[in-house]
Amino acid sequence: MERFQGIIGIFLILGIAFLFSNNRTRINYRLVLSGITLQIVIGILVFKVPPITWFFQQVGHAMGKLEAFARQGAAFVYGGIGVTQFDGTMKDYAGGGFVFAFNVTATIILVCVLVAILYHYGIMQRVVAVIARAMNFIMRVSGAEALSNVASAFVGQVEAQVMIRPYLSSMTKSEILASMSGSLACIAGGILVVYANMGFQAGMDIAPFLITASLMAAPGALVISKIVFPETEESVTMSRVKMEVKSNYTNVIDAISHGAGDGFKIAMNVIAMLIGFIALITLVDWCLIHIGHIFNPGFDLSLDWIFGKIFMPMAWAMGVPKGDVQNVATLLGQKLTINEFVAFKSLTSHKVPVISAKGIAIVTIAIAGFANFSSVGMQIGGIGELAPDRRTDLAKLGLKALLCGTLASYMSATIAGILI
């Protein structure tokens, strides 16, 4: 029955995209079918082919090792600080205590350093270019949008656009939407490692699902964006995928220094967003509870309750088991309207518990993306700095990109749910 629900979910997601299409007669159905097929093939390889399943499990364990390596750097800095354990005892942070801010900061910094090193030696660019060429061949999308979508699986949503900076001014509106959508549907490598380790801390191995989400997001975002805004113009990069980004670092030491600095900025931004958003949510919930009590003293109205009702039909259609539908719907709402960090924190802390293994897989993939309202603002501002002449187009396409990025993540989660 849940597989049947998933099939309904695919048609529902595609139907929503079709409903919002600005030119239904120009939709390239070959591109749509090839993109969905690519997503299905990725899902089958990850979930149904034992050697590949084993490989991604090992990649997940490697993410856990990265957190352990990062902890060593944090332990040197924060050693001597006492951390209260679950049993009430105190433990030195360097001896294995856990503090969210310290661990997250250390992990993001280490991953950013590794990415900077790979970028300096040109390895990152070559990997992205190879995958983008494959996607360009299979889906017949332009080189610029293929590059930016694939790059979004490795680096941040604005950094991915740096790789196509020479083309931004000449890209069609459809290409810009596809590029923005891919960045919102994907999740940067450094943040992905953080979420994987949040799962490990909670005894949940969600790393393979996060990796799957990252792999499936690029073709999924292209599929949805090309339904919402089909290509009607001539692209200057339709038949070529050329990476024109060179390292700005003087040497590897310079790369490490810049990587660490960039990682610290990202980590501080994450911590600031969490403090601000969670504090605001608490304030809103306090107001909602008092409003609810006006009508019924026993009714505790909250944002989670509201999200659970609004997103319940989508959670059901994605194939989530019945007992988890409302809580998965709550997490979908948190991710879209607040951010994915809050949603993952709710999931891994069991504040919004998801019991079934299938429910955990589906919701992990569905919320593993940057598609939320604050990210749209970051994209418009960040890409606008790279191509000031396209700022008006970026602003007009912002909400469409949010829709496409969200539906792309839902599509990946639904396909995974059918296969599991």
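Owing to the predicted nature of the structure, the values given are computational and were not obtained by experimental measurement.

Here's the deal with the overall build of the protein chain
Of the regular secondary structure elements, the protein chain holds 18 helices and two strands. Taking 420 residues into account, the globule formula puts the C-alpha radius of gyration at 22 Å, and the protein chain, at 21 Å, falls close to it. Its C-alpha atoms put the protein chain at 65 × 60 × 45 Å along the principal axes. Out of the 420 residues belonging to the protein chain, those deemed buried represent 55%. Within the protein chain, residue pairs in contact and separated by at least 24 positions form 77% of the contacts whose partners lie at least 6 positions apart. Of the accessible surface of the protein chain, which amounts to about 18,000 Å², a share of 69% is contributed by carbon and sulfur atoms.

Considering helix H14 (residues 325-337)
With 13 residues, H14 ought to run about 18 Å at 1.5 Å a step, and its terminal C-alpha atoms sit 18 Å apart, in line with that. Of all 13 residues that make up H14, 10 are buried, and the element is covered over most of its length. Within H14 the residues assigned to the buried category are Val325, Val328, Ala329, Thr330, Leu331, Leu332, Gly333, Gln334, Lys335 and Leu336. Turning to H14, the residues buried within the fold contact helix H12 (303-310), helix H13 (312-317), helix H15 (340-348), helix H16 (357-367), helix H17 (373-386) and helix H18 (391-419).

Topic: the UniProt feature "domain: Concentrative nucleoside transporter N-terminal" (unreviewed entry) in the protein chain
Under the feature "domain: Concentrative nucleoside transporter N-terminal" (unreviewed entry), the UniProt entry names residues 8-80. Measuring from the first to the last C-alpha atom of residues 8-80 gives 55 Å, for a span that is 84% helix and 0% strand.

What to know about the environment of Ala178
Structurally, Ala178 is set in helix H8 (residues 173-185). Ala178 sits 33 residues away from Glu145 along the chain, and the two C-alpha atoms are 6.3 Å apart. Residues contacting Ala178, with those up to four places away along its chain left out, are Glu145, Asn149, Leu222, Ser225 and Lys226.

With respect to the environment of Met314
Tracing the backbone through its elements, the reader meets Met314 in helix H13. Judged by relative accessible area, which is 11%, Met314 ranks as buried. In this structure the C-alpha to C-alpha distance between Met314 and Lys265, which are 49 residues apart in sequence, comes to 35 Å. Filtering out sequence-adjacent residues up to four positions away, Met314 remains in contact with Leu12, Ile13, Ile16 and Tyr410.

Brief notes about empty space enclosed by the protein
For the coordinates displayed, the defined rule picks out one cavity of 30 Å³ or more. Along its surface, the largest cavity is lined by Glu67, Phe98, Phe100, Asn103, Val104, Thr107, Val194, Asn197, Met198 and Gln201. Breaking the lining of the largest cavity down by element, the ones donating at least two residues are helix H4 (100-120) and helix H9 (189-201). For the lining of the largest cavity, the residue count by class is five nonpolar, four polar and one charged.

Examining the nonpolar core
In terms of nonpolar packing, the biggest core is built from 130 residues, with Ile191, Tyr195, Ile224, Leu332, Phe341, Phe344 and Tyr410 touching the most fellow members. Ignoring any residue separated from it by four or fewer positions in sequence, one finds Phe341 in contact with Phe100, Val104, Ile191, Val194, Tyr195, Met198, Val270 and Leu274. If you look at the next biggest cluster of nonpolar residues, it comprises six residues, including Ala74, Val83, Tyr93 and Phe102.

Examining the packing of aromatic side chains
For the structure on display, the rule yields six aromatic pairs. Measuring from ring centre to ring centre gives 6.4 Å for Tyr119 and Tyr249, while their planes differ by 75 degrees; the resulting arrangement is edge-to-face. Placement of the pair is Tyr119 in helix H4 and Tyr249 in the loop between helix H10 (207-228) and helix H11 (252-295), with a sequence separation of 130 residues. Among the aromatic residues, those joined into a cluster by ring pairs are Tyr195, Phe341 and Phe344. Above the plane of the ring of Phe18 lies Arg24, whose end atom (NZ or CZ) is 5.2 Å from the centre. Of note, Arg140 hangs over the ring of Phe137, and the distance from its end group to the ring centre comes to 5.2 Å.

Focus on the state of the cysteines
What makes a disulfide is a covalent bond joining the sulfur atoms belonging to two cysteines. If you walk through the whole model with that rule in mind, you get zero disulfides. Counting only cysteine sulfurs, Cys404 is the nearest neighbor of Cys186, a cysteine outside any disulfide, at a range of 13 Å. Accessibility expressed as a relative area gives 1% for Cys186, which makes it buried.

Here we look at the side chain of Ser181
Mapped onto the elements of the fold, Ser181 is located in helix H8. Judged by relative accessible area, Ser181 falls into the buried class, the value being 0%. One polar contact links the side chain of Ser181 to the main-chain carbonyl oxygen of Leu177, over a distance of 2.7 Å. Those residues in contact with Ser181 that sit more than four places away from it in its chain are Ala221, Ser225, Ala401, Cys404 and Gly405.

The rules we used
Along each chain, the written sequence defines residue order, and numbers are assigned to residues from 1. In view of the model being predicted, local features appear only for residues whose pLDDT reaches at least 70, and side-chain atom pairs are presented and counted only at 80 or more, with totals across whole chains, interfaces and linings using the full set of residues. Here the side-chain values reflect all heavy atoms present in the structure, with hydrogen atoms and water set aside. Per the convention used, a helix needs a DSSP run of H or I reaching at least four residues, while a strand needs a run of E reaching at least two, with both numbered from the N terminus. Here the globule rule reads 2.2 Å times residues to the power 0.38, and the radius of gyration is calculated from C-alpha atoms. Here the term buried applies to any residue with accessible area under 20% of the maximum for its type, exposed to any over 50%, and partly exposed to those in between, with areas from a 1.4 Å probe on protein chains only. We call two residues in contact whenever any of their non-hydrogen atoms come within 4.5 Å of each other. Note on areas: Shrake-Rupley with a 1.4 Å probe; residue coverage comes only from the protein chains shown. A helix is expected to span 1.5 Å for every residue after the first. UniProt positions are given in the numbering used here, feature names are shortened, and annotations may be inferred rather than shown by experiment. Put simply, the grid is 1 Å and covers the protein atoms alone, a cavity is a trapped set of points that fit a 1.4 Å probe, a pocket is an open set with protein on both sides within 12 Å along at least five of seven lines, and lining residues have an atom within 4 Å of a point. Grid points are joined across faces, edges and corners, and a volume is the space filled by probe spheres set on the points. Here the nonpolar group is Ala, Val, Leu, Ile, Met, Phe, Trp, Tyr, Cys and Pro; Asp, Glu, Lys and Arg are the charged ones; every other residue, Gly included, is treated as polar. Here, nonpolar core refers to any group of buried Ala, Val, Leu, Ile, Met, Phe, Trp, Tyr and Cys residues whose side-chain atoms link them within 4.5 Å. Two aromatic rings, drawn from Phe, Tyr or Trp (for Trp, its six-membered ring), form a pair once their centres lie within 6.5 Å of each other, and the interplanar angle then sorts them: stacked below 30 degrees, edge-to-face above 60, tilted otherwise. A ring is considered to have a charge above it if a Lys NZ or an Arg CZ atom is located within 6 Å of its centre and within 35 degrees of its normal. Here, two cysteine sulfur atoms that lie within 2.5 Å of each other are counted as a disulfide. Any N or O atom pair separated by 3.5 Å or less is treated as a polar contact, with the protein-specific requirement of one donor-capable and one acceptor-capable atom, and with residues adjacent in sequence counted only for side-chain atom pairs.

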